[in-house]
Structures are given as C-alpha cells and as structure tokens.
Amino acid sequence: YRALVLWSPSASNGDAAIARSFGGAARFAELAAQANAQGFVPYETDWGQKQQLSGRWFADLAASRPADALAAFAGDLLVLYGDADEVIDPALMHAAALGAPAARSVQEIILPAARHGLGLFSEDPASVARAVSETARFLTEHLAAAVPAEVSAGP
C-alpha cells in the first residue's frame, strides 16, 4: 500500500487496549468467558448498536498484531483521532503515529473534543466534516503521484 489512513487506531497488539471500552480488563475477560461458554455474548455499544460477539471474535482479537503490521508499513501514513475518545486512550493513538518507523511520511491530526466515532455516532458534524476532508486531502496528495499521466490527463 502506498498510503494508509487510520481513524482512532490502537497501537497495541492483542486485546488489552479495547478492554477499556468494555468496562476494564476484568469485565472484558468475563464477557470472553461467557462467549466461549455460550457461543456468543450480546453486547451493546455506547452508540446503541447491538452485537453478538463470538468466542472466535475474542480469540481473533487477542491474536491480532496490528502494531507489528504498522511497524513494517513503508508508505505514507495519516493517523487521525479525537482528543476526547472514550474507547481508545488518546495516548495509544499517538503511539500509532510513532509506531511506524519504516513509513515514508507520518501525519498526525488530533480533532479537539471529538469522541471515538469522530462525530459519526453523535451530533458532531464539524468533526465528521474535518475527518472526511483531511482524509480526502491526504489520499489525494499521496496517491496522485501513483496515477500514470495518461490516466490523470483524461481523454
């Protein structure tokens, strides 16, 4: 990939970072055990979305290695998040910006007062507009060079 945009990312491997949004590590482990015993556990997000999280979902999350993949990424990176995120600690999202030493370039944009969904799950159209416009700007800037001249010139 030539360019990558991460919205509200966690820069840690495994499931430790997401446990915060489930009420802490103990509650997260309790839900995982229930999902393993019953096949799934019902869960409702802070935004009212109802989900059925399977034991496999918990296992896959525990085995995930996003920080390792990010460390190996060699393209241009944009890390965009809100400083009022209630799901992922903003320090972990800042760590994502620092966790790509092989990246060609790294930009970090912090949206003031934006929560985890960057306004998509709340009444915050200004944060949504800024997140979308910054993403479009970044991708246009970093992918334009990848388009052959005969394609970008048109007929």
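Right, let's walk through the structure included here.

### Let's talk about the nonpolar core
- Counting residues in hydrophobic clusters, the biggest one holds 14 residues, and the most contacted among them are Leu70, Leu77, Val79, Ala96 and Ala100.
- For this core, the secondary structure elements donating two or more residues are strand 4 (76-82) and helix 4 (90-98).
- Setting aside residues no more than four positions away along its own chain, Ala96 makes contact with Pro9, Ala11, Leu70, Leu77 and Val79.
- The next biggest cluster of nonpolar side chains, apart from the first, holds 11 residues, and it includes Leu31, Ala32, Phe58 and Leu61.

### Some points on the pattern of salt bridges
- Under the defined criterion, the tally for this structure stands at 8 salt bridges.
- A salt bridge links Asp60 to Arg56; the nearest nitrogen and oxygen atoms lie 2.9 Å apart. Here Asp60 pairs with Arg56, and both are found in helix 2 (residues 55-63), just 4 residues apart, close to one helical turn.
- Judged by its relative accessible area of 60%, Arg56 is exposed.
- One continuous salt-bridge network, built from bridges that share partners, spans Arg130, Glu134, Arg137 and Glu141.

### Focus on helix 1 (residues 25-38)
- Helix length check: helix 1, at 14 residues, gives a terminal C-alpha distance of 20 Å against a target of 20 Å (1.5 Å per residue), a fit within 8%.
- Along helix 1, the residues that are buried comprise Phe28, Leu31, Ala32 and Ala35. Buried residues in helix 1, looked at end-on, bunch into an arc of 100°, giving them a common side. Looking at helix 1, the residues exposed on the side facing more than 90 degrees away from the buried face are Ala26, Ala37 and Gln38.
- Buried residues along helix 1 sit in contact with strand 2 (40-44), strand 3 (50-54) and helix 2.
- Of the residues flanking the end of helix 1, it is Gly39, one or two places downstream, whose phi is positive at about 100°.

### Section: the sheet that holds strand 1 (residues 3-7)
- Reading across the sheet, the 3 strands line up as 1-4-5 and stay open at both edges, with parallel pairing between neighbours. Single-partner strands in this sheet number two, and they are strand 1 and strand 5 (105-111). Strand after strand, the sheet turns through a mean of 10° between neighbouring axes, direction not considered.
- Strand direction decides the pairing type here: strand 4 and strand 5, joined by 7 bridges, are parallel. Bridge pairing in strand 5 links Leu80 to Ile109.

### Some points on the packing of aromatic side chains
- Applying the stated criterion across every chain, the model contains 5 aromatic pairs.
- Where Phe22 meets Trp57, the ring centres are 6.1 Å apart and the plane angle is 45°; that geometry is what we call tilted. Separated by 35 residues along the polypeptide, Phe22 in the loop between strand 1 and helix 1 and Trp57 in helix 2 bring together distant segments of the chain.
- Pairing Trp57 with Phe58 gives two aromatic rings, centres 4.9 Å apart and planes at 90°, and the pair type is edge-to-face.
- A relative accessible area of 30% means that Trp57 is categorised as partly exposed.
- By relative accessible area, which is 4% here, Phe58 ends up buried.
- One aromatic cluster is present, built from ring pairs that chain together Phe22, Phe28, Tyr43, Trp57 and Phe58.

Definitions and cut-offs
Residues numbered from 1 in each chain as written. Predicted model: local features only at pLDDT ≥ 70, side-chain atom pairs only at ≥ 80, totals over all residues. Heavy atoms only, no water. Core = buried A, V, L, I, M, F, W, Y, C linked by side-chain atoms within 4.5 Å. Buried < 20%, exposed > 50% of the residue type's maximum accessible area, 1.4 Å probe, protein only. Helix = DSSP H or I, 4+ residues; strand = E, 2+ residues; numbered from the N terminus. Contact = heavy atoms within 4.5 Å. Salt bridge = Lys/Arg side-chain N within 4 Å of Asp/Glu carboxyl O. Expected span 1.5 Å × (residues − 1). Arc of directions from axis to C-beta. Pairing = 2+ DSSP bridges. Axes fitted to C-alpha atoms, helices over the stretch in contact; angles between N-to-C directions. Phe/Tyr/Trp six-rings, centres within 6.5 Å; stacked < 30°, edge-to-face > 60°.

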